[in-house]
Amino acid sequence: MRHFLLALLFLMAGSASAQTSITMPSKAAGKLEKLLKQTQDAVVIGKKAAILPIEARPLTNRVLVQSTSDFLAMSGRTNPTKEAFLKSLDEGLARISPLTKTLEDRQQVASFYQDLLDLVGIESSEGRLTAFVETEATAKK
């Protein structure tokens, strides 16, 4: 009996650390390609950055385009994992964080990344986007 419980414990521990493959929505790659094109086309040069949407600002646009490209590349792989997408999300947020000074900017970025997650069938950022938005709010206190 003790061996059975020990084996069961190891199996549960192993399954908890295993990466979770996600089932990609059938049109995810096409929608990601369309979003990538729209984001690339959104960049505006020569206007006041503060009044432009986050996707239109050259520096933030570059990060958003890179993140979208990363999601697109992962969606083309066999058995993409939720963990891989969330890691890419973390990397994108880390790159864009210094470029987003206001709460509104962070909310726009969070909305963009939530759209990326939705496109690949991931319903939750597991608190990452909320933490990203709230980082700015707590920094001003």
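Everything numeric here is computed off the predicted structure, so don't read it as measured data.

The rules behind each value
Residues numbered from 1 in each chain as written. Predicted model: local features only at pLDDT ≥ 70, side-chain atom pairs only at ≥ 80, totals over all residues. Heavy atoms only, no water. Salt bridge = Lys/Arg side-chain N within 4 Å of Asp/Glu carboxyl O. Helix = DSSP H or I, 4+ residues; strand = E, 2+ residues; numbered from the N terminus. Buried < 20%, exposed > 50% of the residue type's maximum accessible area, 1.4 Å probe, protein only. Axes fitted to C-alpha atoms, helices over the stretch in contact; angles between N-to-C directions. Parallel < 35°, antiparallel > 145°, perpendicular 65-115°, else oblique. Left-handed = near helix turned anticlockwise from the far one by under 90°. Contact = heavy atoms within 4.5 Å. Nonpolar A, V, L, I, M, F, W, Y, C, P; charged D, E, K, R; others polar. Core = buried A, V, L, I, M, F, W, Y, C linked by side-chain atoms within 4.5 Å. Phe/Tyr/Trp six-rings, centres within 6.5 Å; stacked < 30°, edge-to-face > 60°. Lys NZ or Arg CZ within 6 Å of the ring centre and 35° of its normal.

Considerations on the pattern of salt bridges
Here's step 1: The full count for this structure, using the stated rule, is 7 salt bridges.
Here's step 2: Note that Glu91 is salt-bridged to Lys87, the shortest N-O span being 3.8 Å. Note that Glu91 and Lys87 are positioned in helix 4 (residues 82–96) at a spacing of 4 residues, about one turn of the helix.
Here's step 3: Relative accessible area serves as the criterion here: at 35%, Glu91 is assigned to the partly exposed category.
Here's step 4: A salt bridge links Asp90 to Arg128, with the shortest nitrogen-to-oxygen separation between them at 2.8 Å. In this pair, Asp90 is assigned in helix 4 and Arg128 in helix 6 (residues 128–139), connecting sequence segments 38 residues apart.
Here's step 5: What makes Arg128 partly exposed here is its relative accessible area of 25%.
Here's step 6: Through salt bridges with shared partners, one network takes in Lys82, Asp90, Glu126 and Arg128.

Observations concerning the packing of helix 4 against helix 5 (residues 103–119)
Packed helices, taken two at a time, are described by the angle their axes make and the gap between the axes.
Here's step 1: Closest axis-to-axis distance for the helix 4/helix 5 pair is 12 Å, and the angle between their directions is 160°. In terms of orientation, helix 4 lies roughly antiparallel with respect to helix 5. Between helix 4 and helix 5 lies a crossing whose hand is right-handed. Seen from helix 4, the contacting residues are Leu86, Leu89, Gly92, Leu93 and Ile96; seen from helix 5, they are Val109, Tyr113 and Leu117.
Here's step 2: Residue classes in the contact of helix 4 with helix 5 are distributed as 7 nonpolar, 1 polar and no charged.

Let's talk about the nonpolar core
Here's step 1: By size, the foremost hydrophobic cluster in this structure holds 30 residues, and its most contacted members are Phe71, Phe85 and Tyr113.
Here's step 2: If you list the elements that add at least two residues to this core, you get helix 2 (28–42), helix 3 (58–75), helix 4, helix 5 and helix 6.
Here's step 3: Sort the elements by how many residues they give to this core and helix 5 lands first, with 7 residues.
Here's step 4: Sequence-distant contacts of Phe71, defined by excluding residues within four places in its chain, comprise Leu32, Phe85, Ser88, Leu89, Leu116, Leu117 and Val120.

With respect to the packing of aromatic side chains
Here's step 1: Tallied over the entire structure, the rule returns 2 aromatic pairs.
Here's step 2: On the basis of an interplanar angle of 55° and a centroid distance of 5.1 Å, the ring pair of Phe71 and Phe85 is categorised as tilted. Separated by 14 residues along the polypeptide, Phe71 in helix 3 and Phe85 in helix 4 bring together distant segments of the chain.
Here's step 3: By relative accessible area, Phe71 is classed as buried at 0%.
Here's step 4: Aromatic pair Phe112 and Tyr113: ring centres 5.9 Å apart, planes at 85°, arrangement edge-to-face. Accessibility assignment for this pair places Phe112 and Tyr113 in one class, buried.
Here's step 5: Sitting above the plane of the Phe132 ring, Arg106 keeps its charged end 4.4 Å from the centroid.

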